[in-house]
Amino acid sequence: MATAVLPAFLATMGVAAAWLGLIEGVSDGLSSFAKIASGYYTDRLKRRKAIAVLGYAITALGTASFSLATAAWQVLIARAGAWLGRGVRTPVR
């Protein structure tokens, strides 16, 4: 839900539409690199549950921190952090 209303949230801040593209691009790129790194690392582990839980926790904290954002750069950091957690947990599952 938080990502579905992200364009409207940024519009209420009065930022340019280019910020949405920057936020999405950085977040998706970071998620992709995290998937590569996490996949490589978790292939060598016997127990992966802790990494999956950490990924879910990072995603939840990043998404929840949208509510504290007052500027577009703060949304960028929150969204990138949330998608970093998503990238970490996806290969583990």
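Relevant structure appears above.
Residues numbered from 1 in each chain as written. Predicted model: local features only at pLDDT ≥ 70, side-chain atom pairs only at ≥ 80, totals over all residues. Heavy atoms only, no water.

As a further point, take the overall build of the protein chain. When helices and strands are tallied, the protein chain shows four helices and zero strands. The linear arrangement of helices and strands in the protein chain, starting from the amino end, is α-α-α-α. Across its three principal directions, the C-alpha atoms of the protein chain cover 50 × 20 × 20 Å. Per-residue burial for the protein chain yields a buried fraction of 31% across its 93 residues. Accessible surface for the protein chain amounts to roughly 5700 Å². Of this, 68% is attributable to carbon and sulfur atoms. (Helix = DSSP H or I, 4+ residues; strand = E, 2+ residues; numbered from the N terminus. Buried < 20%, exposed > 50% of the residue type's maximum accessible area, 1.4 Å probe, protein only. Areas by Shrake-Rupley, 256 points an atom, 1.4 Å probe, with all protein chains shown as cover.)

Leu-6, Leu-10, Ile-23, Phe-66, Ala-69, Ala-72, Val-75, Leu-76 and Ala-78 form the largest nonpolar core, which has nine residues in total. When contributions to this core are tallied by element, the ones reaching two or more residues are helix H1 (6-13) and helix H4 (72-92). With four residues, H4 is the single largest residue contributor to this core. Beyond its immediate stretch of four places on either side in the chain, Ala-78 contacts Gly-62, Ser-65 and Phe-66. Counting residues in hydrophobic clusters, the runner-up holds five residues, among them Ala-34, Ile-51, Ala-52 and Val-88. (Core = buried A, V, L, I, M, F, W, Y, C linked by side-chain atoms within 4.5 Å. Contact = heavy atoms within 4.5 Å.)

This part takes up helix H3 (residues 49-64). Its 16 residues give H3 an end-to-end C-alpha distance of 22 Å, which sits within 8% of 22 Å, the value for a rise of 1.5 Å per residue. Buried positions along H3 lie against helix H2 (18-42) and H4. (Expected span 1.5 Å × (residues − 1).)

Side-chain pairing between opposite charges can occur once the charged atoms of the two side chains come close. Counted by the stated rule, this structure contains one salt bridge. The shortest N-O distance in the salt bridge between Arg-79 and Glu-24 comes to 2.7 Å. Taken as a pair, Arg-79 in helix H4 and Glu-24 in helix H2 lie far apart in primary sequence, 55 residues in all. Given a relative accessible area of 23%, Glu-24 falls into the partly exposed group. (Salt bridge = Lys/Arg side-chain N within 4 Å of Asp/Glu carboxyl O.)

Following the criterion strictly, the structure yields zero aromatic pairs and no others. One Lys or Arg, Arg-44, reaches over the ring of Tyr-40 and ends 3.9 Å from the middle of that ring. Stacked on the ring of Trp-83, the Lys or Arg Arg-79 has its end atom at 3.9 Å from the ring centre. (Phe/Tyr/Trp six-rings, centres within 6.5 Å; stacked < 30°, edge-to-face > 60°. Lys NZ or Arg CZ within 6 Å of the ring centre and 35° of its normal.)

Further remarks concern the side chain of Thr-59. Within the secondary structure, Thr-59 sits in helix H3. Of the polar contacts made by the side chain of Thr-59, one reaches the backbone oxygen of Gly-55; its length is 2.9 Å. Leaving out residues up to four positions away in the same chain, Thr-59 has contacts with Ala-82, Gly-85, Arg-86 and Arg-89. (Polar contact = N/O pair within 3.5 Å; in protein donor to acceptor, adjacent residues only side chain to side chain.)

We classify Arg-79 as buried; its relative accessible area is 4%. Apart from the residues lying within four places of it in its own chain, the contact partners of Arg-79 are Thr-3, Leu-6, Ile-23, Glu-24, Ser-27 and Phe-66.

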